[in-house]
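What the coordinates show
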Amino acid sequence: LSPVVCTQGPGANILMVVLESWQADMLNAEVMPKTHALAQNAWQFKQHVSGGNATVPGMFSLLFGLHASYYDAFRGEPAQNPSMFTETLNQQHYQSRVFASGTFETFSMRPLFFSKVADADFKYFKTVNTEIEDQKLVTAWSNSLKQTSNNPRFDFLFLNSSHFPYSSPASFNQFQPVSENKSEYMLNRSINPAPLKNHYRNSLNYLDSLIGQIEQALKSSGKWDNTWVVVVGDHAEEFNENNLKYWGHVSNYSRWQTQTPLVVKPAGVFKPMQVQRTSLHQDVVPTLMTYAVGCDGKDIGQYANGLLLDKLPEHRSTVIGS
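Cut-off values and rules
Residues numbered from 1 in each chain as written. Predicted model: local features only at pLDDT ≥ 70, side-chain atom pairs only at ≥ 80, totals over all residues. Heavy atoms only, no water. Axes fitted to C-alpha atoms, helices over the stretch in contact; angles between N-to-C directions. Helix = DSSP H or I, 4+ residues; strand = E, 2+ residues; numbered from the N terminus. Parallel < 35°, antiparallel > 145°, perpendicular 65-115°, else oblique. Contact = heavy atoms within 4.5 Å. 1 Å grid on protein atoms, 1.4 Å probe; cavity = no way out; pocket = protein on both sides within 12 Å on 5 of 7 lines; lining within 4 Å. Points joined across faces, edges and corners; volume = space filled by probe spheres on them. Nonpolar A, V, L, I, M, F, W, Y, C, P; charged D, E, K, R; others polar. Pairing = 2+ DSSP bridges. Disulfide = S-S within 2.5 Å. Buried < 20%, exposed > 50% of the residue type's maximum accessible area, 1.4 Å probe, protein only. Expected span 1.5 Å × (residues − 1).

Turning our eyes to something else, we now look at the packing of helix α6 (residues 130–144) against helix α7 (residues 194–221). Between two packed helices, the angle of one axis relative to the other and the distance separating the axes together describe the packing. Where α6 meets α7, the closest approach of the two axes is 10 Å, and the angle between their N-to-C directions is 5°. Overall, the two elements α6 and α7 adopt an arrangement that is roughly parallel. Counted together, Glu131, Ile132, Asp134, Gln135, Val138, Trp141 and Ser142 of α6 and Tyr206, Leu207, Leu210, Gln213, Ile214, Ala217 and Leu218 of α7 form the full contact between these two elements.

Before going further, it helps to spend a moment on the layout of surface pockets. When its volume is computed, the largest pocket comes out at roughly 310 Å³. In this structure, the largest pocket is lined by 17 residues; those nearest its centre are Leu1, Leu66, Phe74, Gln302 and Tyr303. Put simply, the parts of the chain that give the lining of the largest pocket at least two residues each are α4 (84–91) and α10 (300–303). When residues of the lining of the largest pocket are assigned to their parent elements, the largest contribution, 3 residues, is made by α10. Grouping the amino acids of the lining of the largest pocket by side-chain chemistry returns 9 nonpolar, 7 polar and 1 charged.

Axis separation between helix α1 (residues 33–40) and α7 bottoms out at 7 Å; the angle between their running directions is 50°. On the basis of their axis angle, the class for α1 and α7 is oblique. Contact with α1, carried on its side by Pro33, Lys34, Thr35 and Leu38, involves Asn205, Asp208, Ser209, Ile211, Gly212 and Glu215 of α7 and no other residues of that element. Tallied by class, the residues present in the contact of α1 with α7 amount to 3 nonpolar, 4 polar and 3 charged.

Here we take up the sheet that holds strand β7 (residues 227–233). Spatially, β5-β4-β6-β1-β7-β10-β2-β11 is the arrangement adopted by the 8 strands of the open sheet, whose pairing is mixed. Strands with a single pairing partner mark the edges of an open sheet, and in this sheet they are β5 (122–125) and β11 (273–275). Direction aside, the axes of adjacent strands within the sheet are offset by 10° on average. Against the sheet, helix α9 (residues 284–293) touches β1 (13–19), β7 and β10 (262–265), its axis set at about 170° to β7.

For the coordinates displayed, the defined rule picks out 1 disulfide. Bridging Cys6 to Cys295, the disulfide has an S-S length of 2.1 Å. On the sign convention where negative is left-handed, the bridge of Cys6 and Cys295, at about 90° about the S-S bond, is right-handed. Of this pair, Cys6 sits in the segment before β1 while Cys295 sits in the loop between α9 and α10, placing them 289 residues apart in sequence. Relative accessible area serves as the criterion here: at 5%, Cys295 is assigned to the buried category.

It is worth spelling out α7 at this point. In a regular helix each residue adds 1.5 Å, so 28 residues correspond to 40 Å; α7 covers 40 Å between its end C-alpha atoms and thus fits that length. The element α7 is extensively covered by neighbouring structure, given that 21 of its 28 residues are classed as buried. Downstream of α7 by one or two residues, Gly222 has phi in the positive range, about 80°.

Shown next as structure tokens:
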């Protein structure tokens, strides 16, 4: 609504890691031990709600700090409505890189989210063998840390193995039994969900190992202490938990499709906390803009619907889109 005031000079680095279809209940020591350990020493938000029940509204709310109800209008003219967050990072001389297992060329996502990211810094990884591509993605990002610059970094990683049909290398298939036909629920929505959900658990167990690699790479490069790390899902995933025959996502607004983990590791010295108050995708951008980039916190209402993650109210409402 009006210009946002940000301090000049290098801000902290920002790393955002988004996991496809990440259900809140999956962040536990059994399925995701490395991410769970990270969460214990960071800010963990246990009642976190996505801006939508699908990738587009979820990503829009995450990277704009706005309710997904704005998306249709913004999509009509993406060049005139880019993300205030990524535009500000560009103005503050951040080096921005995107590593995605999948593509952001559809639904106007790239011009809306990453309009200033150069082609050379936009790395797509094909999803024929998703688990292989996710590993390639993390390796490519880790190698990029060897590049030296005086400018702060913004890195965005999008991991896709946890999207249906839930991919993982055989060595991570510890949750058994698994279904032989992953599409069986499409014909019979009353089947026992456990075998299919075990495929899903295995895929997240695999992604957990990649998050461990990401953490280690940041520490080895000396960038860990000066980097804001955000690990979150774009939306969640349902396996008929409410016995109403809903599966996957994009079909209802239950917590199973909209509640996803959020783990934030601030830069510098901070106090770990486990937060039970409701947090939103819409809160991530204003928090990073204020604390990592150095923008005036009084300006949040000029560009976002969200709030600061360390100053959440006891009660709040939200808008969810599909």
